[in-house]
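Next come the chains, spelled out residue by residue.
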Amino acid sequence: MSGVSVSEGIETRKLGSRGLEVSQIGLGCMGMSEFYGRADEGEAIATIHRALELGVSFLDTSDMYGPFTNEKLVGRAIAGRRDEVVLATKFGNVRGPNGERLGIRGDAEYVRQACDASLGRLGVDHIDLYYQHRVDPNTPIEETVGAMAELVEAGKVRYLGLSEAAPATIRRAHVVHPIAALQTEYSLWSRDPEVEILPTLRELGIGFVAYSPLGRGFLSGRIRSLDDLDPEDFRRQNPRFLGANFERNLELVEQVRAIADEKHVTPSQLALAWVLSRGDDVVPIPGTKRRGYLKENAGAVEVDLTEDDLERIGDVQEHPRRLGRIRTRRACARGSDRHRPHAGGAADAAHRRRARPGLGRSVRSDCHRGRAGAGRGEDRRRG
């Protein structure tokens, strides 16, 4: 594996304005338990241990991953090392013990139950960053965040976060209790947050956590065909990895690879360095379940991008024909909860009216399908 390695350690970045500091690059743990093929707990735990050795101490999990097993795995990995970790987990995507999806909940009673269950599985007495994984369409955000604030007062949670929330929802939540971070997909082929999400966060002093900064692994350049994926890997049914979409996205990856080769780094490192360059309030959390890829990803902090590099990388992303876009960025940049009755009130209703013309499908499908990066689909439900 070529590319650069971490030489001077991982620095930290601040999320929000209340004192939360995390490693400038984190580790997404979801794939260690589900979605990306067969799990190897031994290698997964070794990967988390190696992350801590490298200074990648910001770990991201969720109660829905597994379901439930990913939190248990992370808990076993950090046992005896709690003080070395900034631990983030999430609630709201409800699943049964056999993996069945039971909807989204954000009511106060469920918030309290979910937190206690996560603390038990993780084997810790507090969670550093607790996210609402998806906005509940049937519960006002004020109720949800109010219950989350009670967890802070009880010492069970240190900081609060949201995931995939619209600007209006973020503002309402932030009034109830300061929000430290928003987590949303962001990468070279997923730049929707730049339109309204990031400006809103910066106005309010909220940090941004970028999940899938490598486009579900596509931007790594290692996936040349579906044969490169495990038979159980969910990407085999993901629109971005199928048919003409796959071929168009390969064109994008080849352009990224060409620039990476010139700089003697890997495509993954270039793509992550680009996300890191978006601001000191942006923290990518690439997921991996292998030590080798972890080390490669961590090396992205050593990549210096010049203004010319950034312009060239931006030019690669700006080709709609290659990316296979089927709608404008603005139509979904406001956040995927904007179609829901309690997600953003009148502002979200106005967003719906503006977004509908010419799209040829419902607002829900536009927020979960066909995003920049040909064929982006239902994988947004998993992040």
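Predicted, not measured: the structure shown is a model, and the values here were computed from it. (Residues numbered from 1 in each chain as written. Predicted model: local features only at pLDDT ≥ 70, side-chain atom pairs only at ≥ 80, totals over all residues. Heavy atoms only, no water.)

A. Summary view of the overall build of the protein chain. Tallying secondary structure elements over the protein chain gives 14 helices and 12 strands in all. Burial status across the protein chain gives 61% buried among its 383 residues. A separation threshold of at least 6 residues defines the contact pool for the protein chain, and within that pool the share at least 24 residues apart is 76%. When the accessible surface of the protein chain is summed, it comes to about 14400 Å², and 47% of that surface belongs to carbon and sulfur atoms. (Helix = DSSP H or I, 4+ residues; strand = E, 2+ residues; numbered from the N terminus. Buried < 20%, exposed > 50% of the residue type's maximum accessible area, 1.4 Å probe, protein only. Contact = heavy atoms within 4.5 Å. Areas by Shrake-Rupley, 256 points an atom, 1.4 Å probe, with all protein chains shown as cover.)

B. Spatial organisation of the packing of helix α4 (residues 141-153) against helix α5 (residues 167-176). Here α4 crosses α5 at 40°, and the two axes come no closer than 9 Å. Comparing their axes, α5 and α4 come out oblique. Where α4 crosses over α5, the handedness of that crossing is right-handed. Across the interface between the two elements, I141, E142, V145 and G146 from α4 touch T169, R172, A173 and V176 from α5. (Axes fitted to C-alpha atoms, helices over the stretch in contact; angles between N-to-C directions. Parallel < 35°, antiparallel > 145°, perpendicular 65-115°, else oblique. Left-handed = near helix turned anticlockwise from the far one by under 90°.)

C. Spatial organisation of the packing of aromatic side chains. Within this structure, the stated rule accounts for 3 aromatic pairs. Note on F91 and Y130: the rings are 5.0 Å apart at their centroids and 35° apart in plane angle, and the pair reads as tilted. Pair noted here: F91 is in strand β5 (residues 86-91) and Y130 is in strand β8 (residues 127-132), with a separation of 39 residues, a long-range link. Classification of F91 by relative accessible area gives buried; the value is 0%. Among the residues examined, Y130 registers a relative accessible area of 0% and is labelled buried. Seen in terms of ring centroids, Y186 and W274 are 5.6 Å apart; in terms of plane orientation they differ by 50°. Their pairing is tilted. With Y186 in the loop between β10 (181-185) and α6 (197-204) and W274 in helix α8 (residues 267-276), this pair connects stretches of sequence that are 88 residues apart. Taken as a pair, Y186 and W274 share a single burial class, namely buried. Ring pairs connect the aromatic residues Y186, F208 and W274, which therefore count as one cluster. (Phe/Tyr/Trp six-rings, centres within 6.5 Å; stacked < 30°, edge-to-face > 60°.)

D. Just the pairing of β5, in detail. Taken across its 6 residues, β5 has 6 buried, putting it largely inside the fold. Bridge count for strand β4 (residues 58-60) against β5 is 3 bridges, and the pairing is parallel. Residue pairing across strands places D60 opposite A88, the latter belonging to β5. Following the chain from β4 across helix α2 (residues 69-78) to the adjacent parallel β5, one finds a crossover that is right-handed. (Pairing = 2+ DSSP bridges. Right-handed = clockwise from strand over helix to strand, strands pointing away.)

E. Region of the structure containing the pattern of salt bridges. Applying the stated rule across the entire model yields 19 salt bridges. When the shortest N-O distance is used, the salt bridge between R50 and E53 registers 3.1 Å. Of this pair, R50 and E53 both sit in helix α1 (residues 41-54), 3 residues apart, which is roughly one turn of the helix. Residue class for E53 comes out exposed when judged on its relative accessible area of 54%. Note that E203 and R171 form a salt bridge whose closest N and O atoms lie 2.8 Å from each other. With a gap of 32 residues between them, E203 in helix α6 and R171 in helix α5 connect regions that are remote in the sequence. A single salt-bridge network, built from bridges that share partners, covers R82, D128 and R158. (Salt bridge = Lys/Arg side-chain N within 4 Å of Asp/Glu carboxyl O.)

F. Summary view of the nonpolar core. Residues L27, I48 and F208 are the most contacted members of the largest nonpolar core, which totals 84 residues. Setting aside anything within four residues of it in sequence, one finds I48 in contact with L27, C29, M32, L59, L73, V74, A77 and I78. In this structure, V86, A88, Y159 and I285 belong to the second largest nonpolar core, which totals 15 residues. (Core = buried A, V, L, I, M, F, W, Y, C linked by side-chain atoms within 4.5 Å.)

G. A look at the packing of α5 against α6. It is at 10 Å that the axes of α5 and α6 come closest, and there the two elements cross at 20°. In terms of orientation, α5 and α6 fall into the roughly parallel class. The two elements α5 and α6 cross, and the hand of that crossing is right-handed. The residues of α6 that touch α5, namely those facing P167, I170, R171 and H174, are I197, T200, L201, E203 and L204. Within the contact of α5 with α6, the residues separate by chemical class into 5 nonpolar, 2 polar and 2 charged. (Nonpolar A, V, L, I, M, F, W, Y, C, P; charged D, E, K, R; others polar.)

H. The side chain of K90, seen in detail. With respect to the element layout, K90 can be found in strand β5. A distance of 2.8 Å separates the side chain of K90 from the backbone oxygen of T61, its partner in a polar contact. In this structure the side chain of K90 is engaged in a polar contact, spanning 3.2 Å, whose partner is the side chain of Y65. Excluding anything up to four places from it in sequence, K90 contacts D60, T61, S62, D63, Y65, Y130, Y131, H133 and Q183. (Polar contact = N/O pair within 3.5 Å; in protein donor to acceptor, adjacent residues only side chain to side chain.)

I. Up close: α1. Helix length check: α1 (14 residues) gives 20 Å between terminal C-alpha atoms against 20 Å at 1.5 Å per residue, within 8%. Along α1, the positions that sit buried rather than exposed are E43, A44, I45, A46, T47, I48, A51, L52 and L54. The inward-facing, buried residues of α1 abut β3 (27-28), β4, α2 and α9 (291-298). Looking at where α1 begins, the residue whose side-chain oxygen comes 3.2 Å from the main-chain nitrogen of G42 is D40. Just downstream of α1, G55 is the residue with a positive phi angle, here 100°. (Expected span 1.5 Å × (residues − 1).)

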